[in-house]
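# Analysis of the macromolecular model
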Amino acid sequence: MKFTKTAVALSAVALVLVSACTTPTVTGSPSAGASESTGGAAGALTMTFLPKNLGNPYFDTSTKGMETAAKEIGATTEQVGPAEAAADAQVQYIETATQQKVSAIALSANDQTALCDSVKAAQAAGVKVVTFDSDAPTCRDLFINQATSEGIAKVLVEMAVDQSGGSGEIAILSATANATNQNAWIDAMKADLKANHPDIKLVEVAYGDDQDQKSFDETASLLQKHPKLKVIVAPTTVGIAAAARYVSTSDAKGKVMVTGLGTPNDMRAFVKDGTVKEFALWNPEELGYLTVHAIKALADGTITGKEGDKFTAGKLGDYTVGANQTVLLGDPYKFNADNIDNFNF
């Protein structure tokens, strides 16, 4: 995603960004709770969408983009997944899709290694496996990355530096301890802080497991344990919304700023009341849309995953495969009091 391409589209998208990873309980069978959209004739591509968990507004939004693209190319699609996310909760769904001989699986990986045996078995059976949002880098054909870890970390650090005044204590409120994308962003943040901002001290990385109540409670704990804290950075919208809600009614309001990754509709009230100065986001609907067009290009031989391969992703335009079989959607965009009312999602 290049934001200049998407500013108009963003204002019409209804989404809530969640990168959920919770407990290992799984309900239903691989076909339970599946939503299906068929738009192609016999012989069309068949795709299984496998998010981290069902009932997650972020992935509902990315699936909306996938279904739009699937209709454009005449593909048949089905979304399946566990009710709650865990490291190995997606294995049974990958195995079922392999048995069904689908053309491709679009996977947001709950764990970068736990799924590899089932993914490799799918690939051996001729199924293309394309990850999006959260990667399994040693066992997939292509990764559709919402933004680079360095790009996301850079934006998060910039906001933390600005809102702390360039010195003092900050904390991170993350999703789960084994979330691939969250950990990559945090590692890149730590490297940036160490190299470029020696006066800022990262005192703790807390985990709210992308659960609202736990994230709310972890915010309270961070404030109690670190009375000199200046900024809480939550690179997950469940976390940022819960943290902002707690801070907005606490004695920390105006003393401790909350920033991270969120949506305008979730964060608008907190920006208006001064709890949040600025936050960032990308567009998950476009992430899903790009994923399906990349699958088509991979399936029809337009690309192989080699660096430098080029393909066209419908209304999003042209994309080039980068290093490590990765296609980059774009950079996050910062929202603040000056621009938040221009967006409705």
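Notes on the structure in this doc start here. A quick note: this is a predicted structure, and the numbers were derived from the prediction, not measured. Here, residues in each chain are numbered from 1, in the same order as that chain's written sequence. Since the coordinates come from a predicted model, pLDDT governs what is reported: local features require at least 70, and pairs of side-chain atoms require 80 or more to be given and counted, while whole-chain, interface and lining totals use all residues. In computing side-chain properties, one takes all heavy atoms of the structure into account and sets aside hydrogens as well as water.

Strands are runs of DSSP state E lasting at least two residues, helices are runs of H or I lasting at least four, and both sets are numbered from the N terminus onward. Assigned secondary structure in the protein consists of 10 helices and 15 strands. Throughout this description, buried means an accessible area under 20% of the type-specific maximum (1.4 Å probe, protein chains only), exposed means over 50%, and partly exposed covers the range between. The proportion of buried residues among the 345 residues of the protein is 56%. Between two residues, a contact is recorded if the distance between any of their heavy atoms is within 4.5 Å. The contacts of the protein with a sequence gap of at least 6 include a subset with a gap of at least 24, amounting to 74%. By element, 49% of the accessible surface of the protein is carried by carbon and sulfur atoms, the whole surface being about 13300 Å². To measure how exposed things are, a 1.4 Å probe is used in the Shrake-Rupley method; for residues, cover is taken only from the protein chains shown.

Attention now goes to the pattern of salt bridges. Salt bridge, as used here: a side-chain nitrogen of Lys or Arg that lies within 4 Å of a carboxyl oxygen of Asp or Glu. Tallied over the entire structure, the rule returns 12 salt bridges. Between glutamate 204 and lysine 225 there is a salt bridge whose closest N-O contact spans 2.9 Å. Of this pair, glutamate 204 sits in strand E8 (residues 200–207) while lysine 225 sits in helix H7 (residues 212–225), and the two are 21 residues apart along the sequence. For the salt bridge of arginine 245 with aspartate 212, the shortest nitrogen-to-oxygen distance reads 2.9 Å. Note that arginine 245 is positioned in helix H8 (residues 237–248) and aspartate 212 in helix H7, a separation of 33 residues in sequence. Owing to a relative accessible area of 31%, arginine 245 belongs among the partly exposed residues under this scheme. We classify aspartate 212 as partly exposed; its relative accessible area is 36%.

Below, the discussion takes up the sheet that holds strand E10 (residues 257–260). Ordered by their spatial adjacency, 4 strands build an open sheet running E8-E7-E9-E10, and the pairing between neighbours is parallel. Edge strands, defined here as strands with exactly one partner in the open sheet, are E8 and E10. Neighbour-to-neighbour, the strand axes of the sheet open up by a mean angle of 25°, direction not taken into account. Between any two strands, pairing holds if DSSP finds at least two bridges. Looking at chain direction, strand E9 (residues 229–234) and E10 are connected through 4 bridges and run parallel. Among the inter-strand pairings, valine 233 is bridged to a residue of E10, identified as threonine 259. Simply put, an axis is a line fit to the C-alpha atoms, just over the touching stretch for a helix, and the angle between two N-to-C directions goes from 0 to 180 degrees.

Another aspect to go through is helix H5 (residues 149–164). An α-helix turns once per 3.6 residues; consequently, residues spaced three or four apart project the same way. How far a helix is expected to stretch is found by multiplying one less than its residue total by 1.5 Å. For H5, with 16 residues, the first-to-last C-alpha span of 22 Å sits near the 22 Å given by 1.5 Å per residue. Along H5, 12 of the 16 residues are buried, which leaves the element largely enclosed by surrounding structure. Where H5 is concerned, the buried positions are Ser149, Gly151, Ile152, Ala153, Val155, Leu156, Val157, Met159, Ala160, Val161, Gln163 and Ser164.

Before going further, it helps to spend a moment on the pairing of E8. Residues in a regular strand project their side chains so that they alternate between the two faces of the sheet. Bridge count between strand E7 (residues 168–174) and E8: 7 bridges; the pairing is parallel. Each residue of the ladder has a partner; that of alanine 171, found in E8, is glutamate 204. In terms of handedness, the path from E7 via helix H6 (residues 180–196) over to E8 forms a crossover that is right-handed. Orient the strands so they point away from the viewer; a crossover is then right-handed if the path from the first strand over the helix to the second runs clockwise.

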